[in-house]
Amino acid sequence: MLIALSAVITGTAALMEYNTVYTQGEVMQLFYRVAVAGVSALLLMGLANRAMAAWLTLLCGGSLILWQANQSRRWAMLHEEVTAIVAHVNAMKSTKGQMPPDLSAYNFRHPELQKQISYSFNKGKLFLSYYLNDRGISYWYHEDSGFGYYPD
């Protein structure tokens, strides 16, 4: 039972590791990998105390999965907001012939993310910059080049 629990939890956490670079950055991705390895190492504790190893695996591994699932959900909400803004700006451009000077006419689907998105309209081109947790890990949308990510 302990081996099955450990395999499912660490396997799920390991599969979710890829998104960590986009939600938290490369440094946190390394910490996440170490934490997943630590959870899988709890299997060795099962040689001495199976019940304790099972509970710690469930608690620590489950926490990692829930944390990363929440971060992935927040990133998806942010990206959904940005694509909706792009659609809104393009609709304004096609109906009124010009892009809006700001986003005051746009109704945010997730108002809590509004402060993480900046909008600019320079030389007739749309540019959106946005971040999830840290301004040093940023994303953007530019009308000419599409979506981008820094650091990449």
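Above this text is the structure in question.
Residues numbered from 1 in each chain as written. Predicted model: local features only at pLDDT ≥ 70, side-chain atom pairs only at ≥ 80, totals over all residues. Heavy atoms only, no water.

Trainee: Lay out the packing of helix H1 (residues 2-15) against helix H3 (residues 26-45) in plain terms, naming residues and giving numbers.
Mentor: One can describe the packing of H1 onto H3 by two numbers: an axis separation of 9 Å at closest approach and a directional angle of 175°. One way to sum up the angle between H1 and H3 is to call them roughly antiparallel. Counting all contacts with H1, which are made through Leu 2, Ile 3, Ser 6, Ile 9, Thr 10, Ala 13 and Ala 14, the residues of H3 involved are Tyr 32, Val 36, Val 39, Ser 40 and Leu 43. Classifying every residue of the contact of H1 with H3 gives nine nonpolar, three polar and no charged. (Axes fitted to C-alpha atoms, helices over the stretch in contact; angles between N-to-C directions. Helix = DSSP H or I, 4+ residues; strand = E, 2+ residues; numbered from the N terminus. Parallel < 35°, antiparallel > 145°, perpendicular 65-115°, else oblique. Contact = heavy atoms within 4.5 Å. Nonpolar A, V, L, I, M, F, W, Y, C, P; charged D, E, K, R; others polar.)

Trainee: Describe in detail the environment of Glu 112, supporting the description with residues and values.
Mentor: Relative to the elements of secondary structure, Glu 112 occurs in the loop between helix H4 (50-96) and strand S1 (117-122). Note on Glu 112: relative accessible area 45%, which makes it partly exposed. Along the chain, Glu 112 and Leu 78 lie 34 residues apart, while their C-alpha atoms are 9.8 Å from each other. (Buried < 20%, exposed > 50% of the residue type's maximum accessible area, 1.4 Å probe, protein only.)

Trainee: Explain the nonpolar core to me, using residue names and the numbers behind them.
Mentor: Counting 23 residues, the largest nonpolar core has Ile 85, Val 89, Leu 103, Ile 117, Tyr 119, Leu 126 and Leu 128 as the members making the most contacts within it. Examining the composition of this core, we find that seven residues originate from one element, H4, more than from any other. Apart from the residues lying within four places of it in its own chain, the contact partners of Tyr 119 are Val 89, Met 99, Pro 100, Pro 101, Asp 102, Leu 103, Leu 126, Phe 127 and Leu 128. Membership of the second largest hydrophobic core comes to eight residues, among which are Met 16, Tyr 32, Val 36 and Ile 65. (Core = buried A, V, L, I, M, F, W, Y, C linked by side-chain atoms within 4.5 Å.)

Trainee: Go over the packing of aromatic side chains with me, naming the residues and quoting the values.
Mentor: For the structure shown, the criterion picks out six aromatic pairs. For the ring pair Tyr 130 and Tyr 139, a centre distance of 5.4 Å and an interplane angle of 25° mean the geometry is stacked. Taken individually, Tyr 130 and Tyr 139 each receive the classification buried, so the pair is uniform in this respect. Counting every residue linked through ring pairs, the aromatic cluster contains Trp 75, Tyr 130, Tyr 139 and Tyr 149. (Phe/Tyr/Trp six-rings, centres within 6.5 Å; stacked < 30°, edge-to-face > 60°.)

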